[in-house]
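# Breakdown of the fold
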Amino acid sequence: MENNIVVETKNGYGEMIGEAKTFEEYKGAGVFADLLLDRTFKKAFNPDTQNKVCLIALLNAVLEGEIASPIVDVQSRNKEYSDGSNENRTSVFDLHCIDSAQRRFIIEVQILFQKNIVNRSIYYASQTIVAQGQRGKKYNYELNPVVTVVFMEFNVFADDRYIRRAKLREMNGASISETLNFAFVELPKFNKPLDELETTLDKALYALKNIKNMTQMPKQYVNTVFELLFSTAKLAKLSKEEQKMIDEAQKAKWDNYAIHKAAIDSGLQQGMEKGLKEGLAQGLAKGANQKAREIAKKMLLKNKPIEEITDFTELSEADVLAIKAALG
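Residues numbered from 1 in each chain as written. Predicted model: local features only at pLDDT ≥ 70, side-chain atom pairs only at ≥ 80, totals over all residues. Heavy atoms only, no water.

## Examining the overall build of the protein
Defined as follows: Working definition: helices are DSSP H or I runs of at least four residues, strands are E runs of at least two. Numbering for both runs from the N terminus. Buried, partly exposed and exposed residues are distinguished by accessible area as a fraction of the type maximum, computed with a 1.4 Å probe on protein chains only: under 20%, between the cut-offs, and over 50%, respectively. In this analysis, two residues are considered to be in contact whenever any of their non-hydrogen atoms come within 4.5 Å of each other. Residue exposure ignores everything except the shown protein chains as possible cover, and the areas themselves are Shrake-Rupley values with a 1.4 Å probe.
Tallying secondary structure elements over the protein gives eleven helices and eight strands in all. Considering the protein as a whole, with its 328 residues, one finds that 45% of them fall into the buried category. By sequence separation, contacts in the protein at least 24 residues apart represent 59% of the contacts at least 6 residues apart. Counting every atom, the protein has about 17700 Å² of accessible surface; 51% of that belongs to carbon and sulfur.

## Overview of the packing of helix 3 (residues 52-62) against helix 6 (residues 200-210)
The following threshold applies: As a rule, the C-alpha atoms of each element are fitted with a line to give its axis, helices using only the stretch in contact, and angles between N-to-C directions run from 0 to 180 degrees. Take the far helix as the reference: if the near one is turned anticlockwise from it by less than a right angle, the crossing is left-handed, and if turned clockwise, right-handed. Only Asp, Glu, Lys and Arg are considered charged in this grouping, and only Ala, Val, Leu, Ile, Met, Phe, Trp, Tyr, Cys and Pro are considered nonpolar; every other residue, Gly among them, is considered polar.
For the pair helix 3 and helix 6, interaxial distance at closest approach is 9 Å and the crossing angle is 115°. In this structure, the crossing between helix 3 and helix 6 has a hand that is left-handed. On helix 6, the residues that touch Ala57, Leu58, Ala61 and Val62 of helix 3 are Thr200, Leu201, Ala204 and Leu208. Broken down by class, the residue content of the contact of helix 3 with helix 6 amounts to seven nonpolar, one polar and no charged.

## Quick word on helix 6
Counting buried residues in helix 6 gives eight out of eleven residues, a clear majority hidden from the surface. Within helix 6, burial applies to Leu201, Asp202, Lys203, Ala204, Leu205, Tyr206, Ala207 and Leu208. Buried residues in helix 6 make contact with helix 2 (38-44), helix 3, strand 6 (146-152), strand 7 (163-167), strand 8 (180-186) and helix 7 (227-233).

## Considerations on the pattern of salt bridges
Proximity of charged atoms lets side chains of opposite charge pair with each other. Stated formally: Salt bridges are counted wherever a side-chain nitrogen of Lys or Arg sits within 4 Å of a carboxyl oxygen of Asp or Glu.
Scanning the entire structure with this criterion turns up twelve salt bridges. With a shortest N-O distance of 3.5 Å, glutamate 186 and arginine 164 are connected by a salt bridge. In this pair, glutamate 186 is assigned in strand 8 and arginine 164 in strand 7, connecting sequence segments 22 residues apart. The same class applies to glutamate 186 and to arginine 164, which are both buried. For the salt bridge of lysine 189 with glutamate 186, the shortest nitrogen-to-oxygen distance reads 3.1 Å. Assigned by exposure class, lysine 189 and glutamate 186 land together as buried. Each of Asp159, Arg161, Arg164, Glu186 and Lys189 takes part in one network of salt bridges that share partners.

## A word on the pairing of strand 8
As a reminder, the rule being used: Strand pairing is assigned whenever DSSP identifies at least 2 bridges connecting the two strands.
Of all seven residues in strand 8, seven are buried, a share of seventy percent or more. The alternating pattern of strand 8 places Leu180, Phe182, Phe184 and Glu186 on one face and Asn181, Ala183 and Val185 on the opposite face, and all of these are buried. Relative to strand 8, strand 6 is paired through seven bridges, and the arrangement is parallel. The partner of valine 147 across the bridge, within strand 8, is asparagine 181. Bridge count between strand 7 and strand 8: five bridges; the pairing is antiparallel. Each bridged residue has a counterpart across the sheet, and for alanine 166 the counterpart in strand 8 is phenylalanine 182.

## Section: unusual backbone geometry
If you check the backbone angles, glutamine 102 has positive phi at about 70° while not being a glycine. Along the chain, glutamine 102 falls in the loop between strand 4 (92-99) and strand 5 (104-110). Take glutamine 102: its relative accessible area is 39%, and that puts it in the partly exposed class. In this structure, asparagine 303 takes a positive phi of about 60° despite not being glycine. Relative to the helices and strands, asparagine 303 resides in the loop between helix 9 (280-301) and helix 10 (306-313). Taking the relative accessible area as the measure of exposure, asparagine 303 reaches 69% and is therefore exposed.

## A few points about the confidence of the model for the protein
Inclusion rule: Values of pLDDT, which run from 0 to 100, indicate the predictor's confidence residue by residue.
Per-chain confidence: the protein averages 77 in pLDDT, with 68% of residues scoring 70 or above. The model gives residues 79-91 a pLDDT under 50, and that stretch makes 24 contacts with residues more than four places away or in other chains.

## A look at the packing of aromatic side chains
Rules: Between the rings of Phe, Tyr and Trp (Trp by its six-membered ring), a pair exists once the centres lie within 6.5 Å; its type follows the angle of the planes, with under 30 degrees stacked, over 60 edge-to-face, and the other angles tilted.
Going through the model one piece at a time under the given rule, you end up with eight aromatic pairs. Among the aromatic side chains, those forming a connected cluster through ring pairs are Phe32, Tyr221 and Phe230.

## Quick look at the environment of serine 126
Following the sequence through the fold, serine 126 ends up in helix 5 (residues 117-130). Measuring from C-alpha to C-alpha, the distance between serine 126 and leucine 180 comes to 8.2 Å, with 54 residues separating the pair along the chain.

## Quick word on the side chain of arginine 77
Looking at where arginine 77 falls in the secondary structure, it is placed in the loop between strand 3 (74-76) and helix 4 (79-82). Non-local contacts of arginine 77, meaning those with residues more than four positions away in its chain, are made with His96, Cys97, Ile98, Arg104, Phe105, Ile106 and Thr128.

## Side note on the packing of helix 10 against helix 11 (residues 317-327)
For the pair helix 10 and helix 11, interaxial distance at closest approach is 9 Å and the crossing angle is 115°. Crossing hand, helix 10 versus helix 11: right-handed. For the pair formed by helix 10 and helix 11, the contact residues are Ile306, Ile309 and Thr310 on the first element and Glu317, Val320, Leu321 and Lys324 on the second. Of the residues in the contact of helix 10 with helix 11, the class split is four nonpolar, one polar and two charged.

Set out below in structure tokens:
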């Protein structure tokens, strides 16, 4: 499948260095791996290696003013969480860690639009809260804070702010608990040019969004903690196995994006046509649902898990099972 994706490739100083229109072109042109791929992100911000300094700097910048004290040290919560998600599941992946103050962190990257992303984050953070209970023992609800940070390659909120920080507050804004903390970062809204980067947050978000298009590390990163990001993401320094995995993850990311965009475009087109006769809202819904069912059939034929199909198409489990039964 050809991916007609246009990638803007400029170096750190805004100079064009060519334009990759297909995955095959892109694969041979990059100097640094995309930090928003599962394997690259987890390697670049691994809490159990020297790269933990990058993770600490990133989290402190994103959560500034929202947590009681700066993060000093981090490590993976446990083996169950540190393994992360399947390499081919590029729509969402998590990094779980704990800091020296016993705060639990969930760092999540989403590349495809999620309708209920805020509710989803609350749900998973709440599970981490519940997991702290001690069965069979007297328990006084001394909960360690849970902090969720979500980086999104799509926009959710209506205004131009690219970062939102939240916790449990009174109506007047005063904090009543440190137990649940959230930060949502909409990367498409972060558009500062390289020569206007000032804060640690600026440099972190710029690198996350743009490193895959750079040919060298910009001077703005010299003697900063994020120098290590460029060293870690440099494709030439990766093993052949790592390069293969990153290539596969990049292609999967583009495939998922292309499928998702086609579903939206087709659903809208069919909906608009039907809307002339049935009403625009009803037509849009039917068109999108029809395309979602077509995608579900293709994913079933590729033996994708039911849970992954329902997450991707937003069809109910019952609908997917019915489609599976019809396929025989």
